[in-house]
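Analysis of the macromolecular model
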Amino acid sequence: MGRSTYPQLEINLKKLESNVREILARCGSQGVEVAGVIKGFNGILECAEVFASAGCNFIASSRLEQLEAVKDAGFDIPLMLIRVPMLTEAAEAVRLADISLNSEKEVLRALNEEAEKQGKVHEVMLMVDLGDLREGFWEKEELLDAALMCENELKGIALSGIGTNLGCYGSVSATVEKMEELISCAEMIEAKIGRELRYISGGATTSLIRIVDGDMPARINHLRVGEGIILGRDLQELWGYDMSYLHTDVFTLKAEVIEVRDKPSHPVGEIMFDAFGNRPVYEDRGIRRKALLGVGKLDYAFPDKIYPRDKGIEVLGASSDHTILDIEEAEKDIKIGDVLEFDVCYASLIYATSSANVKIVMTSD
Ligand SMILES: *Cc1c(COP(=O)(O)O)cnc(C)c1O
């Protein structure tokens, strides 16, 4: 069959569900709806289903392919496109998404045309760039102008709100001040259109800090959360928040040991370039016990972004299909055929869930 049992990515749906409920409860108690973002696990349907059944208000992705799979599966939940649509995907965006994030008038006109063609009204949130320098209107007048165009000219478009994104490119923090700036943008639009906007979407996982601190300004009533639900690592490890009610081990990368041998820690011979054209520096720690795994960068991309569950194991590096471990100080006796387990983070998870070589296995223990 040409199909190996390992590497595997084991997904614990029960732990995932628990995480979804914990975050939804905390957001809900502060009047905040949650779009569950599925792009971090490549839209795997079983996980998306947990998002929907546990009560997320939307399923969201930046990728239309993932929204299409959810739509085809017939979930009864609104779908949100969270990457501003390409002009070339306007028709599919309208067909698949109930609502999309937008930052260009030209795209809004294209969505409008498509919506009219398909006999639909497509909802939009306009994105405001508050300094993180990824998507969004920069000039407030331009934002207002686009809002007025949606409200007054585009019959196929319904303006349901505005949103922002922080901490993705520019590492800007979702402070109370930034949230208030977003609210004032919404109020500027509301004053001109003479009605309240349905949604003010305060950001992604990085904006959860306002929920955890309990100081999210009242008018922020929507967040789009991926990492903070599926892994829950960033707020604990990068920001020092106590998120102990979240399972950080929903996902387990499992790989099989294919060689165990004592070898030098410094390469022997003239040092040129590694498999990826880099010239790393190798520390000489003498002869060490090493293990080789049948998994590599093709499956998780970043050797420093997978974390052995067993104590005393160090990931030394990897090539496309091999991972090299130092097991000299491993507490466990490691042998050929053993299967070792690793935690993943967002960066490694997006690859592990997208690699054709990683077998996805669901559990609910
Ligand atoms: C990816 C993304 C999110 C979710 O980000 P997380 O950090 O995983 O919560 C939210 N909004 C937009 C626009 C995104 O692109």
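One structure accompanies this document, and this report is about it. (Residues numbered from 1 in each chain as written. Predicted model: local features only at pLDDT ≥ 70, side-chain atom pairs only at ≥ 80, totals over all residues. Heavy atoms only, no water.)

1. Some points on the overall build of the chain
Broken down by element type, the chain carries twelve helices and 16 strands. A total of 365 residues make up the chain; the buried ones form 49% of that total. Charge centroids of the chain, computed over 40 positive and 62 negative side chains, lie 2 Å from each other. (Helix = DSSP H or I, 4+ residues; strand = E, 2+ residues; numbered from the N terminus. Buried < 20%, exposed > 50% of the residue type's maximum accessible area, 1.4 Å probe, protein only. Lys, Arg positive; Asp, Glu negative; His and termini not counted. Charge placed at Lys NZ, Arg CZ, Asp CG, Glu CD.)

2. Re the packing of helix H1 (residues 13-28) against helix H2 (residues 45-53)
Contact geometry of H1 with H2 gives a least axis separation of 9 Å together with a crossing angle of 35 degrees. Once H1 is placed against H2, the crossing between them reads as right-handed. Contacts from Leu13, Leu16, Glu17, Val20 and Arg21 in H1 reach Glu46, Cys47, Val50, Phe51 and Ser53 in H2. Here the contact of H1 with H2 is composed, by residue class, of six nonpolar, one polar and three charged. (Axes fitted to C-alpha atoms, helices over the stretch in contact; angles between N-to-C directions. Left-handed = near helix turned anticlockwise from the far one by under 90°. Contact = heavy atoms within 4.5 Å. Nonpolar A, V, L, I, M, F, W, Y, C, P; charged D, E, K, R; others polar.)

3. Notes on the side chain of Lys290
Tracing the chain through its elements places Lys290 in strand E11 (residues 287-293). An unpaired buried charge is present at Lys290: no salt bridge exists, and Asp326, the closest side chain of opposite charge, is 6.2 Å distant. Engagement of the side chain of Lys290 in a polar contact is seen with the backbone oxygen of Pro264, the distance being 2.9 Å. (Salt bridge = Lys/Arg side-chain N within 4 Å of Asp/Glu carboxyl O. Polar contact = N/O pair within 3.5 Å; in protein donor to acceptor, adjacent residues only side chain to side chain.)

4. Points about the nonpolar core
In terms of nonpolar packing, the biggest core is built from 101 residues, with Leu16, Phe51, Leu126, Ile162 and Phe251 touching the most fellow members. A per-element tally of this core places helix H7 (residues 176-193) first, with seven residues. If sequence neighbours within four positions are ignored, Leu16 has contacts with Cys47, Val50, Phe51, Ile229, Ile230 and Val250. Listed in part, the eleven residues of the second largest apolar core include Ala35, Val37, Ala60 and Met125. (Core = buried A, V, L, I, M, F, W, Y, C linked by side-chain atoms within 4.5 Å.)

5. Thoughts on the environment of Lys120
Tracing the chain through its elements places Lys120 in the loop between helix H5 (105-117) and strand E6 (122-128). A relative accessible area of 31% means that Lys120 is categorised as partly exposed. A C-alpha to C-alpha distance of 6.4 Å links Lys120 and Gly156, two positions 36 residues apart in sequence. Once residues within four sequence positions are removed from consideration, Lys120 is found in contact with Val94, Arg95, Ala115 and Gly156. Polar side-chain contacts of Lys120 include one of 3.1 Å to the backbone oxygen of Val94.

6. Some points on the site of the ligand
Every one of the 14 residues lining the ligand counts as a neighbour, but Lys39, Thr205, Arg224, Gly226 and Glu227 are closest to it. Between an oxygen atom of the ligand and a side-chain N or O atom of Thr205, the distance comes to 2.5 Å. In this structure, an oxygen atom belonging to the ligand sits 2.8 Å away from a main-chain N or O atom of Glu227. Considered on its own, the ligand offers 390 Å² of accessible surface; in the complex 92% of this is hidden by protein. Spatially, the ligand is embedded in the largest pocket. Per-class residue counts for the shell around the ligand are six nonpolar, three polar and five charged. (Near = heavy atom within 4 Å. Areas by Shrake-Rupley, 256 points an atom, 1.4 Å probe, with all protein chains shown as cover. 1 Å grid on protein atoms, 1.4 Å probe; cavity = no way out; pocket = protein on both sides within 12 Å on 5 of 7 lines; lining within 4 Å. Sits in = over half its atoms within 2 Å of the grid points.)

7. Here we look at a nonpolar patch on the surface
Together, Leu133, Trp138 and Tyr169 make up a nonpolar patch on the protein surface, roughly 400 Å² of accessible area in all. Secondary-structure assignment places Leu133 in the loop between E6 and helix H6 (140-152). (Patch = residues over 30% accessible without salt bridge, like charges linked within 9 Å, V, L, I, M, F, W, Y side chains within 5 Å.)

8. Points about the pattern of salt bridges
Counted according to the given criterion, the structure contains 29 salt bridges. One salt bridge in this structure joins Glu114 and Lys117, with 3.4 Å as the shortest N-O distance. Taken together, the residues span about one helical turn, with Glu114 and Lys117 both in helix H5 at a distance of three residues. Assessed through its relative accessible area of 63%, Lys117 is described here as exposed. Among the salt bridges present, the one from Asp262 reaches Arg289, with a minimum N-O distance of 3.2 Å. Taken together, the residues Asp262 in strand E10 (residues 251-264) and Arg289 in strand E11 connect sequence positions 27 residues apart. By relative accessible area, Asp262 is classed as partly exposed at 45%. Judged by its relative accessible area of 34%, Arg289 is partly exposed. Here the residues in one salt-bridge network are Glu10, Lys254, Arg309, Glu341 and Asp343, joined through shared partners.

9. A word on the packing of aromatic side chains
All chains considered together, the criterion is met by three aromatic pairs. An angle of 70 degrees between the planes, with centres 5.6 Å apart, marks the rings of Phe58 and Tyr199 as edge-to-face. Of the two residues, Phe58 sits in strand E3 (residues 58-61) while Tyr199 sits in strand E8 (residues 199-201), which places them 141 residues apart along the sequence. Pair check on accessibility: Phe58 and Tyr199 agree, each one buried. Relative to Tyr351, the ring of Phe302 has its centre 5.8 Å away and its plane inclined at 85 degrees; by these criteria the two rings are edge-to-face. Here Phe302 is found in the loop between helix H11 (297-300) and strand E12 (306-308), whereas its partner Tyr351 is found in helix H12 (residues 346-352), with 49 residues between them in sequence. Arg279 extends its terminal NZ or CZ atom over the ring of Phe273, reaching a point 4.6 Å from the ring centre. Its end group placed over the ring of Phe276, Lys297 keeps NZ or CZ at 4.2 Å from the ring centre. (Phe/Tyr/Trp six-rings, centres within 6.5 Å; stacked < 30°, edge-to-face > 60°. Lys NZ or Arg CZ within 6 Å of the ring centre and 35° of its normal.)

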